[in-house]
There are 2 protein chains.
Amino acid sequence: MRLAQPLQALIDQLLKLPSIGPKSAQRLAMFILRLPDEEARQLAISIIDAKKKVFPCPTCGYLTDVNPCMICTDQRRDNTLLCIAEEVTDVMAIERTGFNGRYFVLNQDFNLLKGNDIDDIDVKSLQERIANGGIKEVVLALNPDIDGEVLSRYLASIIAKQGVKVTRLAHGLPVGGDIEFTDEITLKKAIEGRKEF
Amino acid sequence: MRLAQPLQALIDQLLKLPSIGPKSAQRLAMFILRLPDEEARQLAISIIDAKKKVFPCPTCGYLTDVNPCMICTDQRRDNTLLCIAEEVTDVMAIERTGFNGRYFVLNQDFNLLKGNDIDDIDVKSLQERIANGGIKEVVLALNPDIDGEVLSRYLASIIAKQGVKVTRLAHGLPVGGDIEFTDEITLKKAIEGRKEF
């Protein structure tokens, strides 16, 4: 099939995006071509702008366009509570719960299958953050998988040495879930973690 | 949830794209932020470029960046065969079959439910194209739905007046389909259109 070169170039670029296949790329490209000039320009500018202006907050690692970030400068937050997350998107999810502490985003890959070594995890800035004082509890909010488990234990051992209480997110039934279809490990954790009614 | 303003702006822009929901928009935005600067710039430029340089071919209506388009200037095509399609994306699909005639893309909405009037369909340029001579057969390649059927009949009556043979795409079983699950109208058309083995 022969397409106009700029249209083919746009489709090729869209194809690089995650979970965009050839048909979606073509549909998106056609949609963009039908947009008013100004709206297409806005889309292009928002890409350049986000790339240029957004960076990880040097204090907590959350994505920001000001330094320190909105969360770090928020005076109404609990300074004694520090939540450790693997990625910025995890913080976005936790923020939606109304969690009111501070964050520390690792922004580092740790995947045993990919051969990552736990000793390569840079914990220095985390230790410094805790050493600066004020933090009484660190909540480990790492993904509930093998990698998250290994990394959680490693971080817990390091943080405990600094005399700070370490907690982790609870395992259990997802709200709206179905006991019948819950895997046995999750169900076991839910029974172990049962609470008084 | 509070996001850095340029990141929120990017997500808002991506949300306007078809079949991109809030989660996809966030995932795409995060992906774009992690791209190398040059690749993000290429993506933005391809949007601007496609909008600026691509236009419908004045002769056939296909999207092009040169006038006339690649299909219209292709000398190896059959000038006696003209395929009428509703949209550029239909031409893309027909091109993949190796169809070797010329095209005429209507590029006009016709939807009975939306209250479009068939008299509003601009057929003047189509009539002129056919009047210019050389075309012996017009293939109607409109979508096999009610709107396509109504429009096909309307166009067929107009084109027939110009003394040109009018054909339409065959109805029948989709290749790889299942007779058991084929709707009765399609199956009826497949029986009516049966061919000698």
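Here the structure is a predicted model, which means the values were calculated and not measured.

### Points about the interface of chain A and chain B
Piece 1. Contact with chain A, which involves 54 residues of that partner, is made by 54 residues of chain B.
Piece 2. On the chain A side of the contact with chain B, R2, I47 and K51 of chain A bury the most area, a combined 15% of that side's loss.
Piece 3. Joining chain A to chain B, the criterion identifies 4 salt bridges.
Piece 4. Here R34 of chain A and E87 of chain B are joined by a salt bridge, their closest N and O atoms 3.0 Å apart.
Piece 5. For the side of chain A that touches chain B, the secondary-structure elements that each account for two or more residues are α1 (5-15), α2 (22-34), α3 (37-53), β2 (63-64) and α5 (88-95) of chain A.
Piece 6. Partitioning the side of chain A that touches chain B into residue classes produces 30 nonpolar, 8 polar and 16 charged.

### Some thoughts on the confidence of the model for chain A
Piece 1. When pLDDT is averaged along chain A, the result is 92, and 99% of the positions lie at 70 or above.
Piece 2. Scored as a whole, the predicted complex attains pTM 0.80, and scored at its interfaces, ipTM 0.82.

### Comments concerning the domain arrangement of chain A
Piece 1. The domain boundaries assigned to chain A delineate domain 1 (5-53) and domain 2 (56-168).
Piece 2. Put simply, the middle of domain 1 of chain A and the middle of domain 2 of chain A, counted by C-alpha atoms, are 34 Å apart.

### Notes on the relation of the copies chain A and chain B
Piece 1. At an RMSD of 0.1 Å, chain A and chain B line up after a rotation of 180 degrees and a shift of 0.0 Å along the axis. This pairing of chains is accounted for by a two-fold axis. When C-alpha distances to the rotation axis are compared across chain A, the minimum falls at A44 of chain A, with a value of 2.2 Å.
Piece 2. A share of 100% of the interface residues of chain A reappears at the interface of chain B, consistent with the copies meeting face to face through the same patch.

### A short note on the side chain of S46 of chain B
Piece 1. Assignment of secondary structure puts S46 of chain B in helix α3 (residues 37-53).
Piece 2. For S46 of chain B, the residues in contact, after removing those within four places along its chain, are A9, L10 and Q13 of chain A.

### Regarding the pairing of strand β4 (residues 102-105) of chain B
Successive side chains on a regular strand alternate, one facing one side of the sheet and the next facing the other.
Residues and elements named next belong to chain B.
Piece 1. Here β4 shows no split at all, with R102 and F104 on one side and Y103 and V105 on the other all buried.
Piece 2. As judged from the 4 bridges shared by strand β3 (residues 81-85) and β4, these two strands associate in the parallel manner. Within β4, the residue paired with C83 across the bridge is Y103.
Piece 3. With respect to chirality, the unit in which β3 leads through helix α4 (residues 88-95) into the neighbouring parallel β4 is right-handed.

### Focus on the environment of S152 of chain B
All names here are of chain B.
Piece 1. Along the chain, S152 falls in helix α6 (residues 146-160).
Piece 2. Separated by 67 residues in sequence, S152 and A85 place their C-alpha atoms 10 Å apart.
Piece 3. What S152 contacts, discounting residues up to four positions off in sequence, is L140 and L142.
Piece 4. Of the polar contacts made by the side chain of S152, one reaches the backbone oxygen of G148; its length is 2.7 Å.

### Section: the sheet that holds strand β6 (residues 165-168) of chain A
Strand pairing in a sheet relies on backbone hydrogen bonds, with the paired strands running either antiparallel or parallel.
Residue and element names in this part refer to chain A.
Piece 1. Sheet architecture is open: 4 strands sit in the order β4-β3-β5-β6, paired in parallel fashion. The two strands at the open ends of the sheet, each matched to only one other strand, are β4 (102-105) and β6. Across this sheet, the average inter-strand angle for adjacent strands is 25 degrees, counted without regard to direction.
Piece 2. Strands β3 (81-85), β4 and β5 (137-141) of the sheet are contacted by helix α6 (residues 124-131), whose axis makes an angle of about 160 degrees with β4.
Piece 3. Along the sheet face, helix α7 (residues 146-160) touches β3, β5 and β6 and points at about 170 degrees away from the line of β5.

What counts and how
Residues numbered from 1 in each chain as written. Chains lettered and ligands numbered in written order. Predicted model: local features only at pLDDT ≥ 70, side-chain atom pairs only at ≥ 80, totals over all residues. Heavy atoms only, no water. Contact = heavy atoms within 4.5 Å. Buried area = accessible area lost by both parts, 1.4 Å probe. Salt bridge = Lys/Arg side-chain N within 4 Å of Asp/Glu carboxyl O. Helix = DSSP H or I, 4+ residues; strand = E, 2+ residues; numbered from the N terminus. Nonpolar A, V, L, I, M, F, W, Y, C, P; charged D, E, K, R; others polar. pLDDT = per-residue confidence, 0-100. Domains from an automatic or database assignment. Least-squares fit on C-alpha atoms with pLDDT ≥ 70 in both. Buried < 20%, exposed > 50% of the residue type's maximum accessible area, 1.4 Å probe, protein only. Pairing = 2+ DSSP bridges. Right-handed = clockwise from strand over helix to strand, strands pointing away. Polar contact = N/O pair within 3.5 Å; in protein donor to acceptor, adjacent residues only side chain to side chain. Axes fitted to C-alpha atoms, helices over the stretch in contact; angles between N-to-C directions.

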